[in-house]
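# Structure assessment
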Amino acid sequence: MEFSFDINYLFSERVTVLDQTLVPCRKSAGRPDLQAHVAKVIDELGIASAKAQQLTAPVTSASKMQAQRHQLYLLKDCKSNGGSGVVVGFLKVGYKKLFLLDLQGVHIEAEPLSVLDFYIVENLQRHGYGLELFDFMLKHKNLEPVMMAYDRPSPKLLSFLAKHYCLTQSVPQVNNFVVFEGFFLNRAVAQ
Ligand code: ACO
């Protein structure tokens, strides 16, 4: 995804972690022009992700990020667009208080880190960028993917999780979240 401004100046790292402040690095603090560019990138990504998932409205936007305690991992490719860089995609996660049905169908309360939105630009999908971004997040959070919940996962995300992390056995829930068998097995061991 190309922008009229310099992506490499805005995001110095290959993967940038953004929180509700929307400040990618120290040089952007107190710079309304750079903040506006960050907001523009997030809004455009949110719109593209919603379109890819055929959602009626984006679940990710700069204003939603500012209002919620989520984290957004943004991946760039520094070499494209004449050296200005392009945005490859993003992954948004956050803690969600959920009532889940365990393997016995008993309600339990949990607050797992959840995948809330995930998008790689169309022409770059199936090139391993999604895996790079997801693995970065797992290391950053020191977490196994089986311990996470997935909000309304698309068929592409379910295929991605099965391929890269062998997550196939989901446990039926009454909400839109998907969790896998190991979520409950590992919780039992940890308790
Ligand atoms: N059809 C089916 N499976 C796909 C597709 C596709 N078009 N694209 C990716 N995948 C899955 C497959 O398992 C694929 O392996 P394969 O090519 O051997 O079949 C694997 O992902 C490829 O892995 P990566 O290259 O690392 O993944 P990618 O960079 O494509 O990122 C992502 C995966 C984020 C799901 C991407 O395909 C995408 O943006 N899809 C559109 C938006 C979307 O559905 N996002 C998930 C929303 S749900 C949520 O966020 C909770």
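Look a little higher up for the structure.
Report follows, based on the coordinates. A quick note: this is a predicted structure, and the numbers were derived from the prediction, not measured.

This next bit is on the sheet that holds strand E3 (residues 86–95). Taken in spatial order, the seven strands make up an open sheet running E1-E2-E3-E6-E7-E9-E8, and their pairing is mixed. Only two strands of the sheet have a single neighbouring strand rather than two, namely strand E1 (15–18) and strand E8 (170–171). When strand E7 (residues 149–151) meets strand E9 (residues 177–180), the two strands line up antiparallel, connected through two bridges. Counterpart to Asp 151 in the pairing with E9 is Phe 177. Each of strand E6 (113–120), E7 and E9 is contacted by helix H5 (residues 155–165), which is oriented at about 110° to E6, the strand it contacts most.

Two elements, strand E4 (residues 98–101) and strand E5 (residues 107–110), share four bridges in a ladder whose sense is antiparallel. Bridging across to E5, Phe 99 finds its partner in Glu 109. Remark: five residues form the turn of the hairpin made by E4 and E5, two consecutive strands paired antiparallel; Gly 105 in that turn has positive phi of roughly 80°.

As a further point, take the pattern of salt bridges. In this structure the tally under the stated criterion is three salt bridges. Glu 132 is the salt-bridge partner of Arg 14, the closest N and O atoms lying 2.6 Å from each other. Here Glu 132 lies in helix H4 (residues 129–141) and Arg 14 lies in the loop between helix H1 (7–10) and E1, a separation of 118 residues in the sequence. For Arg 14, a relative accessible area of 37% gives the class partly exposed.

Put plainly, two cysteines are in a disulfide when a covalent bond ties their sulfur atoms together. Throughout the structure, instances matching the rule amount to zero disulfides. Left unpaired, Cys 78 is separated from the closest cysteine sulfur, that of Cys 25, by 15 Å.

Our next topic: the nonpolar core. Grouped together as the largest cluster of nonpolar side chains are 47 residues, with contacts concentrated most on Val 41, Phe 134 and Tyr 150. Residues Leu 100, Ile 108, Val 171 and Phe 184 belong to the second largest nonpolar core, which totals 10 residues.

With that out of the way, let us pick up the packing of aromatic side chains. Scanning the entire structure with this criterion turns up nine aromatic pairs. When the ring of Phe 118 is compared with that of Phe 160, the centres are 5.4 Å apart and the planes differ by 80°; the resulting orientation is edge-to-face. Linking Phe 118 in strand E6 with Phe 160 in helix H5, this pair joins segments that are 42 residues apart in sequence. Using a relative accessible area of 17% as the deciding quantity, one classes Phe 118 as buried. Ring geometry for Tyr 150 against Phe 180: centres 5.9 Å apart, planes inclined by 70°, an arrangement best described as edge-to-face. One end of the pair, Tyr 150, is in strand E7; the other, Phe 180, is in strand E9, and 30 residues separate them in sequence. We classify Phe 180 as buried; its relative accessible area is 4%. Put simply, the rings of Phe 118, Phe 134, Phe 160 and Tyr 165 pair up and form one aromatic cluster.

Conventions and cut-offs
Residues numbered from 1 in each chain as written. Predicted model: local features only at pLDDT ≥ 70, side-chain atom pairs only at ≥ 80, totals over all residues. Heavy atoms only, no water. Pairing = 2+ DSSP bridges. Helix = DSSP H or I, 4+ residues; strand = E, 2+ residues; numbered from the N terminus. Contact = heavy atoms within 4.5 Å. Axes fitted to C-alpha atoms, helices over the stretch in contact; angles between N-to-C directions. Salt bridge = Lys/Arg side-chain N within 4 Å of Asp/Glu carboxyl O. Buried < 20%, exposed > 50% of the residue type's maximum accessible area, 1.4 Å probe, protein only. Disulfide = S-S within 2.5 Å. Core = buried A, V, L, I, M, F, W, Y, C linked by side-chain atoms within 4.5 Å. Phe/Tyr/Trp six-rings, centres within 6.5 Å; stacked < 30°, edge-to-face > 60°.

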